[in-house]
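The residues making up each chain are set out below.
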Amino acid sequence: NPYATVVVGHVDIYEGFPYLESRWFQVVSDPEWNRLLYGEIGQGLEAFDGSGETFGNLASPRGMSTDGDSRVFVADTGNDRVLAFAVVSEFEQMRLEPLFAVENLSSPYDVAFSDGGTPLQPEDDLLYVANSGRNEVVSYRIVDRQAVLSDRIGELGSADGSFAGPMAITVGRREGAHTPDIYVSDSHNRRVVHLRGAQGSLQWNRRRPEE
């Protein structure tokens, strides 16, 4: 029962022909078996369950996001945390290298990375979390290989500013960069919520359908 997947692209540079070679790696969350599957697309897969690693065992990993280059973010739902990995590759081989963990969450179901509208400037990168157990969305600034709490919005309810089971989250994109738009699947309220983010702050914009 795979839950989510992301694709990361890397380019190898050689001194001779073919000079450049691109490779695409896929990571899939498998919550039923408490693991991530990963590998080059079209080739074999390996499994990562955290056993013996820095983060320890995974527990029901679900939603995922990536910066498309070298980082993957995983909602480790059963452990009430979000994990950040570096994707390290050499030719067709890759591995997941633990970077940092975002703790003190409650059943986070999904994550969304934002480049802050500037893909080549990592200092304004943001991470948004659908923190389902607390019916809220939380934003973090990614600074020096760690996530720093920036803002949060939401409580249990159906009015503006409230959620009931936010289960999925994504960020708008235009012309190769992310926009300030954040879209949240508010599952039990049967609606999609449109938030706006500015330098990590979160503002309620609208919901669809309107009541």
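Calculation criteria
Residues numbered from 1 in each chain as written. Predicted model: local features only at pLDDT ≥ 70, side-chain atom pairs only at ≥ 80, totals over all residues. Heavy atoms only, no water. Pairing = 2+ DSSP bridges. Helix = DSSP H or I, 4+ residues; strand = E, 2+ residues; numbered from the N terminus. Axes fitted to C-alpha atoms, helices over the stretch in contact; angles between N-to-C directions. Core = buried A, V, L, I, M, F, W, Y, C linked by side-chain atoms within 4.5 Å. Buried < 20%, exposed > 50% of the residue type's maximum accessible area, 1.4 Å probe, protein only. Contact = heavy atoms within 4.5 Å.

(A) Representation of the sheet that holds strand 6 (residues 71-76) in the model. One open sheet holds the four strands; their spatial order is 5-6-7-8, and the pairing between them is antiparallel. Two strands bound the open sheet, and with one partner strand each, they are strand 5 (61-66) and strand 8 (93-102). For this sheet, the mean inter-axis angle between neighbouring strands, taken without regard to orientation, is 30°. Taken together, the six bridges between strand 6 and strand 7 (residues 81-90) define a ladder with antiparallel strand orientation. Across the sheet, residue V72 finds its bridge partner in strand 7, namely F85.

(B) How the structure looks around the sheet that holds strand 1 (residues 4-13). Strands sit in the order 1-2-3-4 across an open sheet of four strands; the sheet is antiparallel. Bordering the open sheet on either side are strand 1 and strand 4 (46-48), each of which pairs with just one other strand. Across the sheet, the mean angle from the axis of one strand to that of its neighbour is 25°, orientation sign disregarded. Of the strand pairs in this sheet, strand 1 and strand 2 (residues 20-30) are connected by ten bridges, and their pairing is antiparallel. Within strand 2, the residue paired with T5 across the bridge is V28.

(C) Region of the structure containing the nonpolar core. Ranked by internal contacts, the top residues of the largest apolar core, which has 18 residues, are L36, F85 and L96. Secondary structure elements with two or more residues in this core: strand 1, strand 2, strand 3 (35-40), strand 6, strand 7 and strand 8. Not counting residues within four places of it along the chain, the set of residues in contact with F85 comprises L36, F48, F55, S70, R71, V72, V74, L96, E97, P98 and L99. One finds F73, L99, F113 and V138 within the second-largest nonpolar core, a separate group that totals 16 residues.

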